[in-house]
Amino acid sequence: MTTEATSAAVPVDDRAAVVRKDLDNVFHPVVPHRQLEAEPLVIVEGRGSTVVDADGTEYLDAMAGLWCVNVGYGRSELADVAAAQMRALPYYPHTAMNAPAAALAERVNGLLGGDSHVYFVASGSEANEAGFKIARQYMKHEHPGQARYKTISRYLSYHGTTLATLAAGGMGDRKMKFEPLGGNDFVHVAAPYCYRCPFGLTYPSCELACVKNVEATIQGEGPDTVATVLVEPIMSAVGVAVPPDEYLPAVAAIAKRYGCLLHVDEVINGFGRTGAMFAHQHYGVRPDIVSIAKGLVSAYLPIAATVVRNDVFRSFVGEPSENRQVFQISTYGGHPVAAAVAARNIEILLEERLVERSADNGAYLLDGLRTLLRHPWVGDVRGKGLLAGVELVRDRASKEILPADQVKRVVDFARRNGVIVGRSGGGRHLGNTIQLSPPLVITRPEIDRVVAVLDAAIAALGTAPA
Ligand SMILES: Cc1ncc(COP(=O)(O)O)c(C=O)c1O
């Protein structure tokens, strides 16, 4: 792998000034500001799976940023691609064509089976939202007598930060400060979260009650009101819920039976994260709409896309007088610099066989994490590829969750010992899973270190967490 550390953008002596300037001026997402004051992190450089604070402290980033730096930090060749493209053409709106976006679309299309068109946007939320809109417009074209506009999505899912994607999502803690979120456009079904089966059942004797719930909900809503069924194949943000293998094919079959489009959110799952190029490919389904972001460009620049099967795309092709085009635009959609970098990022994934590596090292990581089950506070360990969760409980028999302050102790211990891990969001009552989603270039010794630090962090809870 060709990565190199760059000289720190912020001289170490200036760290305190950066922290002051930030606290005085920046409105941060999600993290409480008092916490930022107490524990500021000023990341100035990265290489491979390691990031470095302005004070020189190195961290093994077992979250790849926000589940996204798949090819790892410090790929200076991606900076070179960006600089060359910026010199040639920094920007032009995607109402016209540009070579990098065309090449990237061809590449992405090829990875997804070769019968799609790619609609570019700048973030995963926009990719999902464009998917909702494309599905709705498609239904107006194809079923003029019906009002097919609803999306069936799952409780505990996360699909983005805009009002519509929040409404589509099912994480109570993300939604509650902004509710109400509007009408009945997004209807939720139970998540395939087997450790906490919403039906109180156990696989396989459950006979996939969660799949039956999808069908019953479509029937209850009225199939002629439903446009899409939206799923993230492996649910990430709730703490990595891996469904039974039959789940996605069965949901896909139901969507098809009722004339709904299958919309798969691969924003985290895609580009090797789960040990396949796209997670739905583990299960042999062909979605109608696929949302991609994050690993598409390993977050070196903002770019995302909604990939639409040609069966659906064709409905948008017509003479100007027919007005069939999708009537929305994102200023940064098809950005030539981001597209050029994304195309090279995908080449790196392929050249270095990082998808296969994710499968192999993911199995190795999971084996390591399973050793943590020796602690009474570990209720469940699960994952696929380099996407894993360790669910912490106060009591294994009742599965009562470990309280938030105790989970934070584990996360903080890991960080103090040089390993950054994530922590699940959840419904209004979850948030007790340690999440891991490292760069796909993570090495086995680094994986050993992640496991060892987590082991020590959980052991430090003592024998009886409060
Ligand atoms: C599954 C999933 N979909 C969509 C999004 C939204 O992506 P973005 O933050 O780029 O808008 C996220 C973000 O983490 C995600 O995890």
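One can find the structure itself at the top, above this paragraph.
Criteria and cut-off values
- Residues numbered from 1 in each chain as written.
- Predicted model: local features only at pLDDT ≥ 70, side-chain atom pairs only at ≥ 80, totals over all residues.
- Heavy atoms only, no water.
- Salt bridge = Lys/Arg side-chain N within 4 Å of Asp/Glu carboxyl O.
- Helix = DSSP H or I, 4+ residues; strand = E, 2+ residues; numbered from the N terminus.
- Buried < 20%, exposed > 50% of the residue type's maximum accessible area, 1.4 Å probe, protein only.
- Lys, Arg positive; Asp, Glu negative; His and termini not counted.
- Polar contact = N/O pair within 3.5 Å; in protein donor to acceptor, adjacent residues only side chain to side chain.
- Axes fitted to C-alpha atoms, helices over the stretch in contact; angles between N-to-C directions.
- Left-handed = near helix turned anticlockwise from the far one by under 90°.
- Contact = heavy atoms within 4.5 Å.

Re the pattern of salt bridges
- Tallied over the entire structure, the rule returns 26 salt bridges.
- Of the charged contacts in the structure, one is a salt bridge between Lys408 and Glu39, with a shortest N-O distance of 3.1 Å. Taken together, the positions of Lys408 in helix H14 (residues 404-416) and Glu39 in the loop between helix H2 (33-38) and strand S1 (43-47) put the pair 369 residues apart, joining distant regions of the chain.
- Across the pair Glu221 and Lys150 runs a salt bridge, and its minimum N-O distance is 2.6 Å. Note that Glu221 is positioned in helix H9 (residues 209-221) and Lys150 in strand S5 (residues 150-154), a separation of 71 residues in sequence.

What about the side chain of Asp61?
- Considering the arrangement of structural elements, one finds Asp61 in strand S3 (residues 58-61).
- Buried charge without a salt bridge: Asp61, with Arg273 as the nearest opposite-charge side chain at an N-O distance of 8.8 Å.
- Reaching out from Asp61, the side chain makes a polar contact with the backbone nitrogen of Met63 at a distance of 3.0 Å.

Observations regarding the packing of helix H5 (residues 99-111) against helix H12 (residues 336-351)
- Running from N to C, H5 and H12 point in directions that differ by 35°, and their axes come no closer than 8 Å. Where H5 crosses over H12, the handedness of that crossing is left-handed. Contacts from Pro100, Ala101, Leu104, Arg107, Val108 and Leu111 in H5 reach Pro336, Ala339, Ala340, Ala342, Ala343, Ile346, Glu347 and Leu350 in H12.

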